[in-house]
Amino acid sequence: MDVQALLLSVRLAAVVCLALLIIGLPLAYWVAFSRWRWKFLVESVVALPLVLPPTVLGFYVLMAIGARSPIGQAWSAAFGQGLAFSFEGLVIASILYSLPFAVQPFASAFSQVDRGLLEASSILGASRLRTFRRIVMPLSRNGIITGVVLSFAHTIGEFGVVIMVGGNLPGVTRTVSVAIYDDVQALNYARANATALVLVLFAVSVLAIVYGLNRRAWVAVRP
Amino acid sequence: MILSATVNVRLSNEFTLDVRFEAPPGVTILFGESGSGKTTILRAISGLARPDRGRVAVGDTVLFDADAGIDVPVEGRNIAYVAQHLALFPHLTVVDNIEYGLTQLGRAERDRRVTAILESFRIAPLRHRKPAQLSGGEKQRVALARALVTDPRALLLDEPLSALDHATQTRIMDDLRAWNRERRRPVLYVTHSHREVFALGERVVVLENGRVQMQGTPHEVLDSPAHHRLATVAGFENVFDGTVITSRADLGTTMCRIDGVEVEVPYSGSVEGAPIKVAVRAGDILLATQEPCGLSARNLLSGCVQSLRREAGSVVARVSAGPGFDVRLTPGACESLGVERGRDVWLVIKTYSWRVVA
């Protein structure tokens, strides 16, 4: 089992989840409550990683953050190293790649909160932020957990984007799925199998958590 | 403080709400059939809906004025609104629900107010329960307490008690009146039940098709309906068009002819030959199977039973006596008198049971 790669993947997924909470919660709030007529365009862009081949997404992220791009050059000037083929570059690509897995469950949970409760909160003098913190978030708890768990799992398992943007640097960008691919290329099936088995067990537990949460939600809703 | 509202909002191509009324301190009933715009008015006053034109003010505080460009946001209006579905926060306990609107206050003042309101609405023992663990009446009390604890400028109630039995309704209204005794805030109570109008209201504003039809005390409004449809709504099943024969101010009566029969009604001031519209409740007409004599009642009409129908625990007989009358009887009376289709009967109507509608 490639422990170094496993730890790197977990670290990457944790950072990405945190970033998705910060970016995804406001974005999902907007998606759920905005009445802007062109909202569907934003929704389409957010959902793009669901249908786009990971290599295509990875290719364009690489172009956008590469050494010759404005972003890449600004990053080099500020931090003295390139963004492409670094852990930070991988984080940016993974955030984009996992965005729909966070935003869609968040937004669907938000839009299921009874509008009457939101109105009651405003009537009682609460600002939108307070209404979001005290009413929308607690009542969407299962949707938020589902979004976090799904994007964590999705980041752990990504391959195409990592290869395109991160390459294969041990301890920096060699994530667990890249490590499995390497082991198979080197005919080290035993080690590939050990790592793959860990991922299978992990995936089963994740799905159990997601389905378990949603089952509880249905039971609670039934009068 | 007086709540004054002028609300004009186009809700669809066919329906424009256009009302102006004032609610002094105390309970004012907004009365009308469903679809007459009652809920929209409450939403406009609370700020949940934005009128196209109009002005909303409580005392000297202007909350909305389309001409002056004033539109205080919902959370800044301090107007309490209890919707029909109550909207208690399901994940918060009774205490947390009630405290929700009190963030600006210090801990001590908050606790003092919450304790006081829990006591006065008799829900203190429920303080740690979640809404799902409360009965219907308990939920209504918590919703009222949550609204009132913020010491609002005005209170808007959208049929919050209509799902409860009459006894619980009356007890909760008594609690509400007790709360309002020293504060004297305007309370707007929306209903379409005319029983609630008499039971709860000090003043009534009658809405019809998005307009204010009448306003006044419950008796002024519902006992002298100025409009045929309103008369039917208010429980006057029999409304007739007629012509004045004589009008005697000295006797306090007017004789008029409706469909070939003469009836005596209260003095209307109309001159001979003028058209008149009169109404009488089905429950205010006596029915006899033999010709009665020695009565004080001035109107004795003979007729024939056309049909009988059951209606909410009573029997309504359709009697043709010139005009057709609906007469309400108890099922027992109907049976012991042997009232049936084709039977000849007499109708007795006191002069003062008639209302002159127009």
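Here is what the cut-offs are and how they apply
- Residues numbered from 1 in each chain as written.
- Chains lettered and ligands numbered in written order.
- Predicted model: local features only at pLDDT ≥ 70, side-chain atom pairs only at ≥ 80, totals over all residues.
- Helix = DSSP H or I, 4+ residues; strand = E, 2+ residues; numbered from the N terminus.
- Pairing = 2+ DSSP bridges.
- Contact = placed C-beta atoms within 7 Å.
- Nonpolar A, V, L, I, M, F, W, Y, C, P; charged D, E, K, R; others polar.
- Domains from an automatic or database assignment.
- pLDDT = per-residue confidence, 0-100.
- Expected span 1.5 Å × (residues − 1).
- Buried ≥ 20, exposed ≤ 12 C-beta atoms within 10 Å, placed from the backbone.
- Arc of directions from axis to C-beta.
- Axes fitted to C-alpha atoms, helices over the stretch in contact; angles between N-to-C directions.

Draft legend 1. Fine view of unusual backbone geometry. Its identity as a non-glycine residue notwithstanding, Asp151 of chain B has a phi of 55 degrees, on the positive side. Relative to the helices and strands, Asp151 of chain B resides in the loop between helix 4 (136-148) and strand 8 (154-158).

Draft legend 2. Highlighting the sheet that holds strand 12 (residues 238-248) of chain B. All names here are of chain B. Taken in spatial order, the 5 strands line up as 14-13-12-15-21 in an open sheet, and their pairing is antiparallel. Strands at the two margins of the open sheet, each flanked by one partner only, are strand 14 (261-266) and strand 21 (355-356). Of the strand pairs in this sheet, strand 12 and strand 15 (residues 275-280) are connected by 6 bridges, and their pairing is antiparallel. Across the sheet, residue Thr243 finds its bridge partner in strand 15, namely Pro275.

Draft legend 3. Inspection of the environment of Ala80 of chain B at higher detail. Its place among the elements puts Ala80 of chain B in strand 7 (residues 79-82). Through-space distance from the C-alpha of Ala80 of chain B to that of Leu148 of chain B is 6.9 Å; in sequence the pair is 68 residues apart.

Draft legend 4. Expanded view of the interface of chain B and chain A. Listed per partner, the contact involves 15 residues of chain B and 13 residues of chain A. When grouped by side-chain class, the residues that make up the side of chain B that touches chain A number 8 nonpolar, 6 polar and 1 charged.

Draft legend 5. View of the domain arrangement of chain B. Each assigned domain of chain B is listed with its residue range as follows: domain 1 (3-232) and domain 2 (233-356). One C-alpha centre belongs to domain 1 of chain B, the other to domain 2 of chain B, and the line joining them spans 39 Å.

Draft legend 6. Expanded view of the confidence of the model for chain B. Residues and elements named next belong to chain B. The share of residues in chain B with pLDDT of 70 or more is 94%, and the mean pLDDT across the chain is 85. Within chain B, the element-level pLDDT minimum falls on helix 8 (residues 228-233), averaging 56, and the maximum on helix 2 (residues 94-99), averaging 95. Scored as a whole, the predicted complex attains pTM 0.72, and scored at its interfaces, ipTM 0.79.

Draft legend 7. Layout of helix 7 (residues 128-139) of chain A. Residue and element names in this part refer to chain A. If you check helix 7, its first and last C-alpha atoms are 15 Å apart, about what 12 residues at 1.5 Å a residue would give, namely 16 Å. All of the buried residues in helix 7 are Thr131, Phe132, Ile135 and Val136. Along the long axis of helix 7, the arc covered by the buried residues comes to 125 degrees, so they all point the same way. Facing away from the buried surface of helix 7 by more than 90 degrees, the exposed residues are Leu129 and Arg133. Looking at the buried side of helix 7, the elements it contacts are helix 1 (3-33), helix 5 (87-111) and helix 6 (115-123).

Draft legend 8. Just the sheet that holds strand 17 (residues 299-311) of chain B, in detail. All names here are of chain B. Reading across the sheet, the 5 strands line up as 16-20-17-18-19 and stay open at both edges, with antiparallel pairing between neighbours. Each edge of the open sheet carries a strand with a single partner, namely strand 16 (286-288) and strand 19 (324-329). If you compare each strand with its neighbour and ignore which way they point, the axes differ by 45 degrees on average. Pairing analysis gives 7 bridges linking strand 17 to strand 18 (residues 314-320), with the strands arranged antiparallel. Residue pairing across strands places Arg309 opposite Val316, the latter belonging to strand 18.

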